[in-house]
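Topology and contacts: notes
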Amino acid sequence: MRLMGLALVAALVAAGQTSSGKRESDVWTERGRVALAEYRYHDAAEAFQKVIAISPDLAAAHAQLARALLGEAPPNPLLFPDTNGFLPKAEAEARKAVDLSPADPEALSTLASVDHKLADSTRDPAERSVRLAEVTSLWNKILAADPRSAQAHSELARIAVERVAPAIIMARAQSGMAFQDKARLRDPALRRSLRSNHGHTIADAILHAQKALDIDPAYVPAMHAMSTLLLMRANLSDSDADYAADFKASEDWQQKAANATPKPAAAPVPLPNNGGIIGAMISEIRVPPGTTTLIFAPPEVAERNLLSKIEPSYPEAARKAGVQGTVRFRAVIGTDGHVKTLDLVQGDPRLAKAAEDAVRKWVYRPFVADGITRDAATEISVPFKLEAASPPSNNR
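1. A look at the overall build of the protein chain
When you go through the protein chain residue by residue, the secondary structure sums to 14 helices and 7 strands. Counting every position in the protein chain, which comprises 396 residues, the buried fraction comes to 44%. Considering only residue pairs separated by 6 or more positions, the protein chain has 67% of its internal contacts joining residues 24 or more positions apart.

Shown next as structure tokens:
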């Protein structure tokens, strides 16, 4: 009897079964998914690597590992080189997932996301064009299998924005139009040329964005895409009335997107839709001077967009020394709402580290301008004030 029990235990171990009745691979899969949901990409990657070690042919594990590696990659590899090679590793895992399960929507969408990031990471126009063509093909495959995929429709609309926006940005610059100019392209010949070359693409993309919103009226990425596409169409209009209608509709979609995101305690101040500049996007052209993907958010605007704020711990050494005051940083908030860069401007060194540790955990509502989610530069102040009841001790 005892021998039979030992044999059963051995069989369970050989099958990867834990004492709780779960397969070991299922345990690591669950841990990986939780880590991904909490943006702990390194932990997620380690978990899915363990799953793959147990089940090498599990397409879902390769796809999830690719997503974790994508999360570990720099937000903008053109500015911050991918020295650890996260993107090539993510691509290899995503392609493995598609090889194992060619029709699986998760595998296809993961490869599309990785390919899109790689397209944004190259300055070679030919390579970027090839990458975006593959991304388009992948999302179309997903739509063929699931015509009601709001994500696929929205992503196809976004790709169109990235293909067409640089030409409109350049045309506005050539026409001498400033960022804040609320007007369509001044040059009628440029408008006609751009409509001829890109009008059909914009129209198709608007249909994709609308289909995404028909499927899921609360799908925020489609709202952003629709806002930008309408602004692009407004720029190419020959009619003042059509321009005004599209511009107003673009602003409405931008506001709907802002309203659909989680609200902080105080309502955020919407960033203005400053006319026709679509916002400089990483592309095959050199962005004209005066346009940028980085916007400035005044401190009061950034504070109202703050969703999660961690208060700093008062350093004990500073408390005992009676040190108080304000620590000021220059910060860049990424498109995911997390703090990307933080530079100390002013503050006592004994307080600065505690302030930095807290601020890096803050989460903001992403900043949107011209219908596009953007990185935002701002200033952050962290006050440290000793309680009146606890004055610094004096040795007498």
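2. Here's the deal with the pattern of salt bridges
Summed over the entire model, instances satisfying the criterion amount to 23 salt bridges. Note that R131 is salt-bridged to D115, the shortest N-O span being 2.6 Å. With R131 in helix α7 (residues 125–145) and D115 in helix α6 (residues 105–120), the pair connects residues that are 16 residues apart, well separated along the chain. By relative accessible area, which is 15% here, R131 ends up buried. Residue R158 is joined to E155 by a salt bridge in which the shortest nitrogen-to-oxygen separation is 2.9 Å. Of this pair, R158 and E155 both sit in helix α8 (residues 150–174), 3 residues apart, roughly one helical turn. On the accessibility criterion, E155 (12% relative accessible area) is buried. One connected set of salt bridges, linked through shared partners, spans E91, R95, D115, E127, R131 and E134.

3. Quick word on the nonpolar core
Grouped together as the largest cluster of nonpolar side chains are 35 residues, with contacts concentrated most on A44, F48, L65, V114 and W139. Take this core: its biggest share by element is 7 residues, from helix α4 (residues 59–72). Those residues in contact with L65, other than ones at most four positions away along the chain, are A45, F48, Q49, I52 and E93. By size, the runner-up hydrophobic cluster in this structure holds 29 residues, among which are I202, A205, A209 and V220.

4. Side note on the side chain of S25
Within the secondary structure, S25 sits in helix α2 (residues 24–37). Relative accessible area serves as the criterion here: at 5%, S25 is assigned to the buried category. When sequence neighbours within four positions are dropped, the list of residues in contact with S25 reads V51, I54 and S55.

5. A word on the confidence of the model for the protein chain
Low pLDDT marks regions whose predicted coordinates should not be analysed in detail. On average, residues of the protein chain score 81 in pLDDT, and 81% of them reach the 70 mark or higher. Considering only residues more than four positions removed or in separate chains, one finds that residues 1–21, a stretch of pLDDT under 50, has 10 contacts. Confidence drops under pLDDT 50 across residues 263–292; counting only partners more than four residues distant or on other chains, this segment forms 93 contacts.

6. Details of the pairing of strand β3 (residues 325–333)
Here 9 bridges tie β3 to strand β7 (residues 372–384), and the two strands are oriented antiparallel to one another. Across the sheet, residue T326 finds its bridge partner in β7, namely P383. Direction of pairing for β3 relative to strand β4 (residues 339–346): antiparallel, over a ladder of 6 bridges. Each residue of the ladder has a partner; that of F329, found in β4, is L344. Count of turn residues in the β3/β4 antiparallel hairpin: 5 residues, of which G337 carries a positive phi of about 90°.

How each quantity is defined
- Residues numbered from 1 in each chain as written.
- Predicted model: local features only at pLDDT ≥ 70, side-chain atom pairs only at ≥ 80, totals over all residues.
- Heavy atoms only, no water.
- Helix = DSSP H or I, 4+ residues; strand = E, 2+ residues; numbered from the N terminus.
- Buried < 20%, exposed > 50% of the residue type's maximum accessible area, 1.4 Å probe, protein only.
- Contact = heavy atoms within 4.5 Å.
- Salt bridge = Lys/Arg side-chain N within 4 Å of Asp/Glu carboxyl O.
- Core = buried A, V, L, I, M, F, W, Y, C linked by side-chain atoms within 4.5 Å.
- pLDDT = per-residue confidence, 0-100.
- Pairing = 2+ DSSP bridges.

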